[in-house]
Amino acid sequence: QRNKKLITEDFKVEEEVLNQFAEQKVEKPVKAIPAEKIEKKKQKPAKKKAAKVTRKVIKPKLPQKPLLKAKVPVVVKSPYPQDFPEKLKDFDKGSVKFWHEFSPFLFVGEETTLSLTYMGISTGDITITTKPHTRLGETDVYHFHARVKTSSYYSYLYELDDVVDSYVKMDDFIPLKFSLIQRESSQNIDDLQLFDLKALKTYTFYKRVTKDKNKKKKKVANIPLYFQDPFSIVYYIRGLPMDKGGKYRIPIINQGKVEFMLVEFVGKEQLKTKIGKKEAYKVKIISKHKGKTIEGGNMTFWFSADERRIFLKFKAKIKIGSISGEISKYKE
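Bear in mind that the values here come from a model prediction, so they are computed numbers and not experimental data.

**Concerning the overall build of the protein chain**
Move 1: Summing up its helical and strand segments, the protein chain has 4 helices and 15 strands in all.
Move 2: Looking at the protein chain as a whole, 44% of its 332 residues are labelled buried.
Move 3: Across the protein chain, the fraction of contacts at a sequence separation of at least 24, relative to all contacts at a separation of at least 6, is 52%.
Move 4: For the protein chain, the accessible surface area stands at approximately 21300 Å², while carbon and sulfur atoms represent 52% of it.

Below you can see the structure in the form of structure tokens.
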């Protein structure tokens, strides 16, 4: 409802765009990935061709006139619009090399809660939920949801209640829609990003309200074929092969800009968590982000080294300090 109000009242977006990214009622739910079985990409074994038996037939040579055959050029349709930036094409060349290595670890109804600590003080929780699969326009999508909320104690200093939603195509794991709604002591922010994968463009609708002023911004920009959004990247990293030494350069689209996360899988560690002792994959991430909150620098994620790849822990830097999160609850 907040997304709809933002684009109809504040930005007056065309009806055609609204319909393309509107969530549809799914009469028969898309088949979910069973909790006990991880979906893996299977390659069908190549069919063995039966050996052809050839017989040598001798034919008399007859004088023939040479046939002039016109050369018909083979036209390969480009996935890119005309005058598309060469720089973004180069990004795709790098991404296509590893994109097929991804295999989703998704469990509908899964709910992971991490307790947040800022500068050594417990500040609140972030809860990440895998919602039932749904449909945007005519496209079947995964739906990921997260809510960050400060604890009652910390709310006296600064209150925060932020909600993030990401909708990602089921066939190739490319995002279609990203929504961030921030309700905080000092500001209200609505940030909606729509990804038109046919035109390879992103539409950003941004509104920030403070006590002193209101700010509205709309932006249209080109995007590559392969990318993630600021939230779906967590699920994407979760589904990559976590082989020690593996490195990936993953494009992220955020407010019309192409940013990169350099991801490196370090190895395994033993962690003590509130859901028990866990062997965990350790992942180092370097971000070039230049936003107002998260700064470029190092982040570290930990995922359980089992069949579920549970998001157990993270550490990150922000401009006013450092923040970390450790799992406190897990619901299958």
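**Some thoughts on the packing of aromatic side chains**
Move 1: Under the criterion given, the structure shown has 20 aromatic pairs.
Move 2: Relative to Phe 173, the ring of Tyr 142 has its centre 5.9 Å away and its plane inclined at 50 degrees; by these criteria the two rings are tilted. One end of the pair, Tyr 142, is in strand E4 (residues 139-150); the other, Phe 173, is in the loop between strand E5 (160-169) and strand E6 (175-184), with 31 residues separating them in the sequence. For the pair Tyr 142 and Phe 173, a shared accessibility class is recorded, and that class is buried.
Move 3: Arg 308 extends its terminal NZ or CZ atom over the ring of Phe 107, reaching a point 3.9 Å from the ring centre.
Move 4: When the ring centre of Phe 105 is taken as origin, the NZ or CZ atom of Arg 309, which lies over that ring, is 4.3 Å away.

**Section: the nonpolar core**
Move 1: If you look at the biggest cluster of nonpolar residues, it comprises 50 residues, and the most contacted ones within it are Phe 173, Ile 237, Ile 250, Val 263 and Phe 301.
Move 2: For this core, the element with the most residues is helix H4 (residues 232-238), which contributes 5 residues.
Move 3: Beyond its immediate sequence surroundings of up to four residues, Ile 237 is in contact with Met 242, Ile 250, Val 263, Phe 265, Val 283, Ile 285, Phe 301 and Phe 303.
Move 4: In terms of nonpolar packing, the next biggest core, distinct from the first, is built from 10 residues, Leu 6, Leu 136, Leu 194 and Phe 205 among them.

**As for a positive patch on the surface**
Move 1: Judged by side-chain charge, Lys 213, Lys 215, Lys 217, Lys 219 and Lys 257 come together as a positively charged surface patch.
Move 2: Top element by residues in the positive patch is strand E9 (residues 214-222). It accounts for 3 residues.
Move 3: Of note, Lys 217 is situated in strand E9.

**With respect to the confidence of the model for the protein chain**
Move 1: Averaged over all residues, the pLDDT of the protein chain equals 83, while 76% of them reach at least 70.
Move 2: Within the protein chain, the lowest mean pLDDT, 67, falls on helix H2 (residues 15-21), and the highest, 97, falls on H4.

**Topic: the pattern of salt bridges**
Move 1: The final tally for this structure, using the stated rule, is 10 salt bridges.
Move 2: With a closest N to O distance of 3.8 Å, Asp 90 and Lys 93 form a salt bridge. Here Asp 90 pairs with Lys 93, and both are found in helix H3 (residues 86-95), just 3 residues apart, close to one helical turn.
Move 3: Assessed through its relative accessible area of 44%, Asp 90 is described here as partly exposed.
Move 4: A salt bridge links Asp 190 to Arg 183, with the shortest nitrogen-to-oxygen separation between them at 3.1 Å.
Move 5: The exposure class assigned to Asp 190 is buried, which follows from its relative accessible area of 10%.
Move 6: The network of salt bridges with common partners includes Arg 147, Lys 149 and Asp 161.

**Side note on the environment of Ala 221**
Move 1: With respect to the helices, strands and loops of the structure, Ala 221 is situated in strand E9.
Move 2: Residue classification places Ala 221 among the buried positions, given a relative accessible area of 13%.

**What to know about the side chain of Ser 328**
Move 1: With respect to the helices and strands, Ser 328 occurs in strand E15 (residues 321-331).
Move 2: Here the side chain of Ser 328 touches Ser 115 through a polar contact of 3.5 Å, side chain to side chain.
Move 3: Those residues in contact with Ser 328 that lie beyond four places of it in its chain are Thr 113, Leu 114, Ser 115, Asp 125 and Lys 274.

**Description of H3**
Move 1: Those residues of H3 that sit buried are Leu 88, Phe 91, Asp 92 and Ser 95. Angularly, the buried residues of H3 cover 100 degrees about the axis, an arc narrow enough to put them on a single face. Projecting away from the buried face of H3 at angles above 90 degrees are the exposed residues Glu 86, Lys 87 and Lys 93.
Move 2: For H3, the secondary structure elements touched by its buried residues are E9, strand E10 (247-254) and strand E11 (257-273).

**Things to note about the pairing of strand E7 (residues 188-196)**
Move 1: Buried residues dominate E7, accounting for 8 of its 9 residues.
Move 2: When E6 meets E7, the two strands line up antiparallel, connected through 7 bridges. Within the sheet, the bridge partner assigned to Leu 180 lies in E7 and is Asp 191.
Move 3: In the sheet, E7 pairs with strand E8 (residues 201-209) via 9 bridges, with the strands oriented antiparallel. Paired with Gln 193 across the bridge in E8 is Thr 204.
Move 4: Once E7 ends, the chain turns through 4 residues before running back antiparallel as E8, passing Leu 200 with a positive phi of about 55 degrees.

Cut-offs used in this document
- Residues numbered from 1 in each chain as written.
- Predicted model: local features only at pLDDT ≥ 70, side-chain atom pairs only at ≥ 80, totals over all residues.
- Heavy atoms only, no water.
- Helix = DSSP H or I, 4+ residues; strand = E, 2+ residues; numbered from the N terminus.
- Buried < 20%, exposed > 50% of the residue type's maximum accessible area, 1.4 Å probe, protein only.
- Contact = heavy atoms within 4.5 Å.
- Areas by Shrake-Rupley, 256 points an atom, 1.4 Å probe, with all protein chains shown as cover.
- Phe/Tyr/Trp six-rings, centres within 6.5 Å; stacked < 30°, edge-to-face > 60°.
- Lys NZ or Arg CZ within 6 Å of the ring centre and 35° of its normal.
- Core = buried A, V, L, I, M, F, W, Y, C linked by side-chain atoms within 4.5 Å.
- Patch = residues over 30% accessible without salt bridge, like charges linked within 9 Å, V, L, I, M, F, W, Y side chains within 5 Å.
- Salt bridge = Lys/Arg side-chain N within 4 Å of Asp/Glu carboxyl O.
- Lys, Arg positive; Asp, Glu negative; His and termini not counted.
- Charge placed at Lys NZ, Arg CZ, Asp CG, Glu CD.
- pLDDT = per-residue confidence, 0-100.
- Polar contact = N/O pair within 3.5 Å; in protein donor to acceptor, adjacent residues only side chain to side chain.
- Arc of directions from axis to C-beta.
- Pairing = 2+ DSSP bridges.

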